[in-house]
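Geometric and topological summary
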Amino acid sequence: MSKKFEFVKAPQRSPEWLELRRQGLGASDMAAVMGVSPYKTPYQLWAEKTGATPEQKVGAAANRGVILEDAVALYYEQERGVKLRKSNGIVRLKAQPRIMASLDRTIFGEPKGIVEVKTS
């Protein structure tokens, strides 16, 4: 890990991971921050982060993505001939810990190998 970043261990979707995500802004928040998200306004994002609104249930599409993530990662490994590792935590800037990323997978043995698993 670079001297600019720190890794905070927390299994994805665990209560600890959810709390860490509430404490800052990650890649998934950026469209809302910029006002271009079709799913969430900047105000709705602020309300979520500050606890002003109750936590929303995960929608069907997001739930499918969670279920299929391991299968898509396995397919990627087979197609690319690489080994992936779940990150199980959040990477954040040491100087500004509210700027963070929750990586899906990293490519084993590649220092800059990041894989974000998406389904449609």
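Check the entry above for the structure.
As a starting point, this report considers the structure included with it. (Residues numbered from 1 in each chain as written. Predicted model: local features only at pLDDT ≥ 70, side-chain atom pairs only at ≥ 80, totals over all residues. Heavy atoms only, no water.)

1. Observations concerning a nonpolar patch on the surface
- Taken together, the side chains of Leu-25, Met-30, Val-33, Met-34 and Val-36 make up a nonpolar region of the molecular surface, amounting to roughly 450 Å² of accessible area.
- Turning to its location among the elements, Leu-25 is positioned in the loop between α1 (15–22) and α2 (30–33). (Patch = residues over 30% accessible without salt bridge, like charges linked within 9 Å, V, L, I, M, F, W, Y side chains within 5 Å. Areas by Shrake-Rupley, 256 points an atom, 1.4 Å probe, with all protein chains shown as cover. Salt bridge = Lys/Arg side-chain N within 4 Å of Asp/Glu carboxyl O. Helix = DSSP H or I, 4+ residues; strand = E, 2+ residues; numbered from the N terminus.)

2. Some thoughts on the nonpolar core
- Residues Val-8, Ala-10, Trp-17, Leu-20, Ile-90 and Met-100 constitute the largest nonpolar core, which totals 6 residues.
- Once residues lying within four places of it in the same chain are set aside, the contact partners of Met-100 are Leu-20, Arg-21, Gln-23, Gly-24, Leu-25, Gly-26, Ala-27, Ile-90, Val-91 and Arg-92. (Core = buried A, V, L, I, M, F, W, Y, C linked by side-chain atoms within 4.5 Å. Buried < 20%, exposed > 50% of the residue type's maximum accessible area, 1.4 Å probe, protein only. Contact = heavy atoms within 4.5 Å.)

3. Observations regarding the sheet that holds strand β1 (residues 5–9)
- Across the sheet, which stays open at both edges, the 3 strands sit in the order β1-β3-β4 with antiparallel pairing between neighbours. Across the chains shown, the open sheet's two edge strands, defined by having one partner strand only, are β1 and β4 (100–101).
- Contacting β1, β3 (89–93) and β4, α1 runs over the sheet at an angle of about 25° to β3. (Pairing = 2+ DSSP bridges. Axes fitted to C-alpha atoms, helices over the stretch in contact; angles between N-to-C directions.)

4. Section: the layout of surface pockets
- Here the largest pocket defines a volume of roughly 1800 Å³.
- Forming the walls of the largest pocket are 45 residues, and the residues nearest its centre are Trp-17, Arg-21, Ser-28, Lys-40 and Ala-62.
- Here the element with the most residues in the lining of the largest pocket is helix α4 (residues 60–80); it accounts for 7 residues.
- Split by residue class, the lining of the largest pocket holds 19 nonpolar, 12 polar and 14 charged. (1 Å grid on protein atoms, 1.4 Å probe; cavity = no way out; pocket = protein on both sides within 12 Å on 5 of 7 lines; lining within 4 Å. Points joined across faces, edges and corners; volume = space filled by probe spheres on them. Nonpolar A, V, L, I, M, F, W, Y, C, P; charged D, E, K, R; others polar.)

5. Overview of the side chain of Ser-87
- One can find Ser-87 in the loop between β2 (84–86) and β3.
- Note on Ser-87: relative accessible area 11%, which makes it buried.
- Within the structure, Ser-87 has its side chain in polar contact with the backbone oxygen of Leu-103 (distance 2.4 Å).
- Discounting chain neighbours no more than four positions away, the residues touching Ser-87 are Phe-7, Gln-12, Leu-103 and Asp-104. (Polar contact = N/O pair within 3.5 Å; in protein donor to acceptor, adjacent residues only side chain to side chain.)

6. Thoughts on the pattern of salt bridges
- Evaluation of the coordinates by the stated rule reveals 11 salt bridges.
- In this structure, the salt-bridge partner of Arg-92 is Glu-6, at a minimum N-O distance of 2.8 Å. Note that Arg-92 is positioned in strand β3 and Glu-6 in strand β1, a separation of 86 residues in sequence.
- According to the relative accessible area criterion, Glu-6 is partly exposed, its value standing at 26%.
- Across the pair Arg-105 and Asp-70 runs a salt bridge, and its minimum N-O distance is 2.6 Å. Here the residue Arg-105 occupies a position in strand β5 (residues 105–107), and Asp-70 occupies one in helix α4, the gap between them amounting to 35 residues.
- Classification of Asp-70 by relative accessible area gives partly exposed; the value is 43%.
- When salt bridges that share partners are traced, they join Arg-13, Glu-69, Asp-70, Lys-86 and Arg-105 into one network.

7. What to know about the side chain of Glu-69
- Checked against the element boundaries, Glu-69 lands in helix α4.
- Among residues more than four places away in sequence, those in contact with Glu-69 are Gln-12, Arg-13, Asp-104, Arg-105 and Val-117.

8. Quick word on the pairing of β3
- For β3, the tally of buried residues reaches 4 of 5 residues, placing the bulk of the element in the interior.
- Bridge count for β1 against β3 is 5 bridges, and the pairing is antiparallel. Directly across from Val-8, in β3, lies its bridge partner Ile-90.
- Alignment of β3 against β4, held across 2 bridges, turns out to be antiparallel. From the neighbouring strand, Arg-92 faces β4, where its bridge partner is Met-100.
- Count of turn residues in the β3/β4 antiparallel hairpin: 6 residues.

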